[in-house]
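# Secondary and tertiary structure notes
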Amino acid sequence: MLRLDIESGEKDYEVAIDGVDCLDFFIDEIKKEYRKVVFVVDERVKTLYPCVVNYEKYEVLELEATEKQKTFSNIDNVVDFYQRVNLQNKDVLVALGGGIIQDIVAFTSKVYHRGVDYYLIPTTLLSMSDSSIGAKCGINYNDKKNQLGVFNAPKGVFQNVNFIKTLKYDDVISGVGEIVKLLITGSREDFEYLKENILDCIDERKPFTTMIYKSLLAKKAVIEEDEYESDLRRILNYGHTFGHAVESLSDYKIAHGIAVLWGIDFVNYIALRRGFIEEGVYEEINNAILSIYDIGGIEIKDFDLFLEYVKNDKKVEGEEVNIVFPKQIGQLMIRKVKFDDQLLDDMKSYYL
């Protein structure tokens, strides 16, 4: 079992990474500290793994893990469940699912009774390698991504890598998108490890344990220095500003991490055109991305509408948006980009 301690202004917590067939031993440890354990679970996970937890022993809310579920208008259904089961501050929630279930639980547990503890058991590669640490969560509002959010650290995270075996291909690639972001952010050594091992990981699924651990280490270095995104943590938005817009524009048909892969390549292209990076850096990352997924299939048909989605991003300041660019592998920078004809020309040129 691999372990990682995360220091947080919310509360310190531990991440454990293992592969097991049953989670009851982990839940039994949690029960010692609380009056009762309440589950919020992805309904697909419960169907695929009916015996991973003895669900009959607990009160369980099953949710469809879609972006449309992660909306402010649907949060009342979750809160209704909390009231029905008489959830109290001496109880604990367990989020069993991917990033959507995680966001819903993190958000609602922060505001319900001014705070109820929760644990994360992530079941997707994306949530294991990235979103399970960092204490951030977001809820969509109208058709805009993560417009409402809070910081709320879990009491702990248990990662069961066996869940990766049943993920759909696009869900695996979605997780890989965030891994690519983090290992570019981390170091040249991390990126070399990615290039040498990522295709075997995608094909075989099992070797992801080390890849997840390296990704979490890269993120840990950032969030422990700047947990509340006052400066350094903004580099973790690499690929996300334009990626979120593509994701929203597709009505979430394009998976988050795949949109991030596209977003990374797109901002790298802008950086190349504007002289921020050398051509060799662009080509090295571009070749790595294309070996993983054909992002050329992602098209923008209405550039004006696309920019309207970008303008709703929380990193927008007036007529400018803060964009993360790579200076070198392992060294990212933030530059302001104006919503002007030059940006429109960059976008159109990317598709020539």
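The coordinates are above.
All figures in this text were calculated on a predicted structure; none of them were measured in a lab. Residue indices follow the written sequence of each chain, beginning from 1 at its first position. In view of the model being predicted, local features appear only for residues whose pLDDT reaches at least 70, and side-chain atom pairs are presented and counted only at 80 or more, with totals across whole chains, interfaces and linings using the full set of residues. Each side-chain value is worked out from all heavy atoms of the structure, with water and hydrogens disregarded.

## Let's talk about the pattern of salt bridges
Under the convention used in this document: Salt bridge, as applied in this entry: a Lys or Arg side-chain nitrogen positioned within 4 Å of an Asp or Glu carboxyl oxygen. Under the DSSP-based scheme used, a helix requires at least four consecutive residues in state H or I and a strand at least two consecutive residues in state E, with every element numbered from the N terminus. The buried label applies to any residue whose accessible area, calculated with a 1.4 Å probe on protein chains only, is under 20% of its type's maximum; exposed applies above 50%, and partly exposed to all values in between.
For the coordinates displayed, the defined rule picks out 29 salt bridges. Of the charged contacts in the structure, one is a salt bridge between K31 and D28, with a shortest N-O distance of 3.9 Å. On the criterion of helical spacing, the pair formed by K31 and D28 is a turn pair, its members being three residues apart in helix α1 (residues 24–31). Owing to a relative accessible area of 33%, K31 belongs among the partly exposed residues under this scheme. The exposure class of D28 is partly exposed, given its relative accessible area of 32%. Residue D91 pairs with R35 through a salt bridge whose shortest N-O separation is 2.8 Å. Taken together, the residues D91 in the loop between α3 (72–84) and β5 (92–97) and R35 in the loop between α1 and β3 (37–42) connect sequence positions 56 residues apart. Note on R35: relative accessible area 45%, which makes it partly exposed. A network of salt bridges, in which partner residues are shared, links E67, K70, D103, K145 and E247.

## What about the nonpolar core?
The line we're drawing: We call a set of buried Ala, Val, Leu, Ile, Met, Phe, Trp, Tyr and Cys residues a nonpolar core when their side-chain atoms join them within 4.5 Å. We call two residues in contact whenever any of their non-hydrogen atoms come within 4.5 Å of each other.
Ranked by size, the top nonpolar core spans 127 residues in total, and within it L96, F208, F242 and W262 carry the most contacts. Element by element, the count of residues in this core is highest for helix α10 (residues 256–273), at eleven residues. In contact with L96, other than residues within four places in its own chain, are L23, F39, V40, V41, D42, V45, V53, Y55, I101, I121, T123 and F163.

## A few points about the sheet that holds strand β4 (residues 59–63)
Note the following rule: Strands qualify as paired when DSSP identifies two bridges or more between them. To define axes, lines are fitted to C-alpha atoms, for helices over the stretch in contact only, and angles between the resulting N-to-C directions are given on a 0 to 180 degree scale.
Judged by pairing direction, the sheet is mixed, and its seven strands sit side by side in the order β1-β2-β9-β6-β5-β3-β4 without closing on themselves. One side of each edge strand has no neighbouring strand; the edge strands of this open sheet are β1 (2–6) and β4. This sheet shows a mean twist of 15° between the axes of neighbouring strands, independent of strand direction. In this sheet, strand β9 (residues 156–160) lies alongside strand β6 (residues 117–122) in parallel orientation, the contact comprising two bridges. Bridge pairing links L120 to V157 in β9. Of the strands in this sheet, β1, β2 (13–18) and β9 touch helix α8 (residues 208–223), which is tilted by about 10° from β1.

No statement about biological role is implied by the geometric values presented.
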